[in-house]
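Overview (structure and organization)
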Amino acid sequence: MGSFAKPKLVVSQCIEFDHCRYNGDLIHHPTIRKLMNHVDFLPVCPEVEIGLGTPRETIRIVLQNGEQRLVQPKTNRDVTGDMEKFSVDYLHSLPHIDGFILKSRSPSCGLKEVKLYTSTEKGPAIGSSSGLFGGKVQKIYPHLAVEDEGRLNNFLIRERFFTKIFLLAAYRELKREGSVQKLTDFHNKNKYLFLAYSRPTQKLLTRILKNKENYPADVLFMLYEKALRRLFLRTARYDSSINAAKEMAKAFDKDLNEKEKLYFLELTEKVAEKKEPFSSVMALLKSWACRFDDEELLRQSWFEPYPGDLLEISDSGKGRDY
């Protein structure tokens with residue numbers, strides 16, 4: 001499939017990069033280790049950055065007078081202002097990036113399921129929230145790929161994350177070059193991947209490019225990027241992916257015999273019934289593209305939206321219920 005653009009990701013520093021957890025631990029995670037060969041990581045520990053040190057007394061989110069405060073129970077120190085200032089300054093200072101991998105359930109980095117308390121005293125949590133840094137990430141960068149390390153243990157979530165970061169990285173590179181022709185090539189290469197996520201968005205992106213003569217290059221890129229951000233609002237589902245596969249299969253209509261066409265339809269029905277993995281359909285389509293030497297289809301990113309060595313054998317077909 002060729003080379004991939006290198007995504008740029010901010011990652012919680014305690015995951016694989018430094019012993020900076022509150023107790024001095026380092027967290028190991030196989031996904032982050034595998035990504036190191038393909039990604040430029042920017043490690044950061046917000047708690048260390050605001051001077052809490054390592055090891056350190058734990059902090060928690062406490063609800064006070066209807067407002068969430070970040071407090072260190074042992075010292076009764078309120079670090080809300082420090083964390084908010086660091087978060088805003090740091091996030092606005094970042095170079096062009098494609099996403100974040102943050103520590104789950106952390107009062108600073110957590111994206112959700114962070115315990116919320118009524119006081120610094122011992123007692124049960126009354127609910128959950130996002131960490132102060134993690135919450136700011138979601139507010140400032142809602143269009144980027146943002147996950148915590150815990151959710152990346154799920155195949156579907158991990159696949160969606162990989163697909164998004166490599167697509168965003170590829171778009172970031174071509175946007176920097178500003179070539180309308182390269183933008184058109186990018187769109188054509190990703191046609192079926194876009195279809196698998198959202199036919200309406202794919203149609204909108206196509207319509208924008210069809211009217212490219214009406215816009216200066218910078219306006220065209222702005223419109224295209226705005227539409228592209230809508231693409232991942234939902235996960236690629238099995239029904240839309242099957243429809244995209246049927247669309248691709250039309251390219252072979254005149255070359256296939258009736259038995260082959262019937263087999264394809266039966267296979268897609270089994271996928272819809274979750275009796276076959278979707279990877280079976282993809283393998284069949286790619287074999288036809290090779291057999292009939294269809295270079296246009298063979299270059300489609302849908303066959304390999306991210307480097308193949310990131311896909312584990314145990315993942316093959318597992319959980320692909322879309």
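How each quantity is defined
- Residues numbered from 1 in each chain as written.
- Predicted model: local features only at pLDDT ≥ 70, side-chain atom pairs only at ≥ 80, totals over all residues.
- Heavy atoms only, no water.
- Helix = DSSP H or I, 4+ residues; strand = E, 2+ residues; numbered from the N terminus.
- Contact = heavy atoms within 4.5 Å.
- pLDDT = per-residue confidence, 0-100.
- Expected span 1.5 Å × (residues − 1).
- Buried < 20%, exposed > 50% of the residue type's maximum accessible area, 1.4 Å probe, protein only.
- Arc of directions from axis to C-beta.
- Pairing = 2+ DSSP bridges.
- Axes fitted to C-alpha atoms, helices over the stretch in contact; angles between N-to-C directions.
- Core = buried A, V, L, I, M, F, W, Y, C linked by side-chain atoms within 4.5 Å.
- Phe/Tyr/Trp six-rings, centres within 6.5 Å; stacked < 30°, edge-to-face > 60°.

**Structural notes on the environment of Leu91**
- Checked against the element boundaries, Leu91 lands in helix H3 (residues 80–93).
- Leu91 sits 39 residues away from Leu52 along the chain, and the two C-alpha atoms are 19 Å apart.
- Excluding anything up to four places from it in sequence, Leu91 contacts Phe100, Phe133, Lys136, Val137, Ile140 and Tyr141.

**Remarks on the confidence of the model for the protein chain**
- Confidence in the prediction of the protein chain, expressed as mean pLDDT, is 94, and 96% of residues score 70 or more.
- Here residues 316–322 scores under 50 on pLDDT; set against residues more than four positions off or in separate chains, the count is 23 contacts.

**Structural notes on helix H8 (residues 199–210)**
- The terminal C-alpha atoms of H8, which comprises 12 residues, lie 16 Å apart, in line with the 16 Å expected from a rise of 1.5 Å per residue.
- Those residues of H8 not exposed but buried are Thr201, Gln202, Leu204, Leu205, Ile208 and Leu209. Down the axis of H8, the sector holding all buried residues measures 160 degrees, keeping them to one side. Facing away from the buried side of H8 by over 90 degrees, the exposed positions are Pro200 and Lys210.

**Digging into the sheet that holds strand E2 (residues 40–44)**
- Sheet architecture is open: four strands sit in the order E2-E1-E6-E9, paired in parallel fashion. Every other strand in the sheet has two partners, leaving E2 and strand E9 (145–148) as the edge strands with one partner each. Averaged over all pairs of adjacent strands, the angle between their axes in this sheet comes to 20 degrees, without regard to strand direction.
- With respect to the sheet, helix H5 (residues 155–177) is in contact with strand E1 (8–12), strand E6 (99–102) and E9, its orientation differing from that of E9 by roughly 145 degrees.

**A word on the nonpolar core**
- Core analysis: the biggest nonpolar cluster contains 44 residues, and Leu183, Tyr224, Leu285 and Trp302 have the highest contact counts within it.
- In terms of residues, this core owes the most to one element, helix H12 (residues 278–291), which gives seven residues.
- Excluding residues within four positions of it along the chain, Trp302 makes contact with Tyr192, Leu193, Ala196, Ser241, Ala244, Ala245, Met248, Phe278 and Met282.
- Formed by 26 residues, the second largest nonpolar core is a distinct cluster that contains Val79, Met83, Leu102 and Val114.

**Observations concerning unusual backbone geometry**
- A cis amide bond, omega -10 degrees, links Thr54 with the succeeding residue Pro55.
- Among the structural elements, Pro55 can be located in the loop between helix H2 (46–49) and strand E3 (60–64).
- The backbone of Glu16 sits at a positive phi, close to 75 degrees, despite the residue not being glycine.
- Structurally, Glu16 can be placed in the loop between E1 and helix H1 (30–35).
- One non-glycine residue with positive phi stands out, namely Asn65, at about 50 degrees.
- Within the element layout of this structure, Asn65 appears in the loop between E3 and strand E4 (67–72).
- Asn65 sits in the exposed class, given a relative accessible area of 85%.

**Quick word on the packing of aromatic side chains**
- This structure, assessed with the given rule, holds 17 aromatic pairs.
- Taking 5.4 Å as the distance between ring centres and 20 degrees as the angle between the ring planes, the aromatic pair formed by Phe86 and Tyr90 counts as stacked. Of this pair, Phe86 and Tyr90 both sit in helix H3, four residues apart, which is roughly one turn of the helix.
- Using a relative accessible area of 13% as the deciding quantity, one classes Phe86 as buried.
- Look at Tyr90 and Phe133: their rings are 6.1 Å apart centre to centre, the planes differ by 50 degrees, and that puts the pair in the tilted class. Residue Tyr90 is located in helix H3, and its partner Phe133 is located in helix H4 (residues 132–140); the two are separated by 43 residues in the primary sequence.
- What makes Phe133 buried here is its relative accessible area of 0%.
- Connected via pairs of aromatic rings, a cluster forms that spans Tyr171, Phe186, Phe194, Phe221 and Tyr224.

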